[in-house]
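The residues making up each chain are set out below.
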Amino acid sequence: MDFAAGASAADLDHAGLEEQLTSRGRELLRQLYQDHLDLRATRELRLVTVADAAGVAHRIVEADHQRTLATVFGEVRVARLAYRAHGQANLHPADAALNLPAEKHSHGLRRLAATEAARGAFDEARAALTRGTGASTGKRQVEALTVRAAVDFAAFYATHRQPAPAEQGELLVLQVDGKGIVMRPEALRPATAKAAGQASPKLSGRLSKGEKRYRKRIAEVGAVHDATPVIRTVADILPATDAERAAATDGPRATGKWLTASVAQDAATVIAEVFDEAKRRDPDKARTWIALVDGANHQIERITAEADDRAVSVHILIDFVHVMEYLWKAAWCFHSEGDPAAQAWVHAKARDILAGKARTVAATIRRAASTRELSATARKGADAAARYLTNKAPYLDYPAALAGGWPIATGVIEGACRHLVADRLDITGARWGLPGAEAVLQLRAVRSNGDFDDYWIFHQQQELQRVHATRYADDAIPQAA
């Protein structure tokens, strides 16, 4: 009040006044926080019995044991009783009452670090913490706080979070994909690290194509969502006339999207988590389950294995856009670059595939390449497309998909890969350690799922159990009578 009424404040413009009041207001709040902690210390009652997890009684009690706590308002001191026993670590029941963290930084600072680090680079998160709290926090401290903030991701989704119910007729759609992240050498998977060590540098000032391949680790991304079936025809997907285009029906819309991602776990683990989420949504396995993939054999094998293990019927369908990419590779074997006829050729073949004629299209492509007597090099794209269509034919049942109202494209998972991975972990110059990359992926997934507030409540409850309750007999924090 003295400052606001004084001459020094009167000489400031509005920006300077805001800056001064922010700093002074923060100090006022810090002092209020400190006063409250001091009051609690004076009122702390001595407990009759305090025993640690091993059952050892701590009978020696000393007052005014202090520790520092860095809060969003600044540093404060926490004074409390210490219960001691020879050869044992001290116990501080008051720490449990406050749910103090194991490290110096408060849960409020941890939450702020997690929010900012999930949004942008660690340096930017550090700057945001400084702006918001006035405290100087190191980049490594921000990363450590972020890692600590994400430790309960798996437990939250396995035991706590429940998805919203869906109608019985809603489709249950599962999608998985992978996206590479540039890692520090020590964070690469063993096989990649070995290959990187064997690759000899070709240029002194720049990484060449082969070397770049050995700097990445795949982040596995999974998605589950609901969708109301929308029956469609080939003309809805690839209209041939203006009339068909005007009458085309949009595909099923994804609702209730849930995302997960991991760069530490392998694809099998992430796919198992996707199935766990699907089971939470449909425990009786009464809905229609659809798995959309890009055609990777490992994905298909793991989805099939999970479905068999869980005795659930899953319709595996390859993303139609991915199929189109193979058709375009084949098209350039028969048309010059930029030839409008290539587009018509792809359009016609794609309509045939949608109509269930994938093997026929494959045979037609092979025959055309042979009839034109293309060299092995010239027909490479055609052979790749024909081979793909033949091998993946069991997963190209688009007639059943369109008749059932299923989605046939992996837009949800592709968007998830961009949002969870590319937009944050693939920023220019980023080189990731494994713990930091995993934490950021998980926190971005929690935020994308709209679960962050619920997750944070769960995380603080877990911290109370992990940091405090486990130190006492029977995991019971002693309370004053």
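A short tour of the structure in this document, coming up.

Calculation criteria
- Residues numbered from 1 in each chain as written.
- Predicted model: local features only at pLDDT ≥ 70, side-chain atom pairs only at ≥ 80, totals over all residues.
- Heavy atoms only, no water.
- Helix = DSSP H or I, 4+ residues; strand = E, 2+ residues; numbered from the N terminus.
- Rg over C-alpha atoms; globule rule 2.2 N^0.38 Å.
- Buried < 20%, exposed > 50% of the residue type's maximum accessible area, 1.4 Å probe, protein only.
- Contact = heavy atoms within 4.5 Å.
- Areas by Shrake-Rupley, 256 points an atom, 1.4 Å probe, with all protein chains shown as cover.
- Lys, Arg positive; Asp, Glu negative; His and termini not counted.
- Charge placed at Lys NZ, Arg CZ, Asp CG, Glu CD.
- Polar contact = N/O pair within 3.5 Å; in protein donor to acceptor, adjacent residues only side chain to side chain.
- 1 Å grid on protein atoms, 1.4 Å probe; cavity = no way out; pocket = protein on both sides within 12 Å on 5 of 7 lines; lining within 4 Å.
- Points joined across faces, edges and corners; volume = space filled by probe spheres on them.
- Nonpolar A, V, L, I, M, F, W, Y, C, P; charged D, E, K, R; others polar.
- Expected span 1.5 Å × (residues − 1).

1. Looking at the overall build of the chain
Item 1. When helices and strands are tallied, the chain shows 22 helices and seven strands.
Item 2. The C-alpha radius of gyration computed for the chain amounts to 30 Å, which surpasses the reference 23 Å derived for 481 residues by more than 25%, pointing to a less compact arrangement than a globule.
Item 3. Reported as C-alpha extents along the three principal axes, the dimensions of the chain are approximately 95 × 60 × 55 Å.
Item 4. Here the chain holds 481 residues, and the buried ones make up 44% of them.
Item 5. A sequence separation of at least 24 residues applies to 75% of the contacts in the chain between residues at least 6 apart.
Item 6. Summed over its atoms, the accessible surface of the chain is roughly 24,600 Å², and 51% of this surface lies on carbon and sulfur atoms.
Item 7. Positive and negative side-chain charges in the chain, numbering 63 and 60 respectively, have mean positions lying 5 Å apart.

2. Here's the deal with the environment of Arg-184
Item 1. In this fold, Arg-184 is placed in the loop between strand E3 (171-182) and helix H9 (190-198).
Item 2. Remark: the alpha-carbon pair of Arg-184 and Ala-439, spanning 255 residues in sequence, is separated by 16 Å.
Item 3. In contact with Arg-184, other than residues within four places in its own chain, are Glu-143, Arg-431, Trp-432 and Gly-433.
Item 4. Of the polar contacts made by the side chain of Arg-184, one reaches the backbone oxygen of Arg-431; its length is 3.4 Å.

3. Regarding empty space enclosed by the protein
Item 1. Within this structure, the stated rule accounts for one cavity of 30 Å³ or more.
Item 2. Within this model, the largest cavity holds a volume of roughly 40 Å³.
Item 3. Together, Val-176, Asp-177, Glu-220, Val-221, Ala-267, Val-270, Ile-271 and Gln-299 line the largest cavity.
Item 4. Where the lining of the largest cavity is concerned, the elements lending two or more residues are E3, strand E4 (216-227) and helix H13 (267-281).
Item 5. Here the element with the most residues in the lining of the largest cavity is H13; it accounts for three residues.
Item 6. Broken down by class, the residue content of the lining of the largest cavity amounts to five nonpolar, one polar and two charged.

4. Some points on the layout of surface pockets
Item 1. For the largest pocket, the calculated volume is near 330 Å³.
Item 2. What lines the largest pocket is a set of 20 residues, among which Arg-40, Glu-44, Pro-93, Ala-94 and Ala-97 lie closest to the centre.
Item 3. Residue assignment for the lining of the largest pocket shows that the elements contributing at least two residues are helix H3 (14-43), strand E2 (74-84) and helix H4 (93-98).
Item 4. Ranked by residues supplied to the lining of the largest pocket, first place goes to H4 with five residues.

5. Overview of H13
Item 1. With 15 residues, H13 ought to run about 21 Å at 1.5 Å a step, and its terminal C-alpha atoms sit 21 Å apart, in line with that.
Item 2. Along H13, the positions that sit buried rather than exposed are Ala-267, Val-270, Ile-271, Ala-272, Val-274, Phe-275, Glu-277, Ala-278, Arg-280 and Arg-281.

6. With respect to the environment of Thr-22
Item 1. With respect to the element layout, Thr-22 can be found in helix H3.
Item 2. For the pair Thr-22 and Ala-240, spaced 218 residues apart in the sequence, the C-alpha separation amounts to 63 Å.

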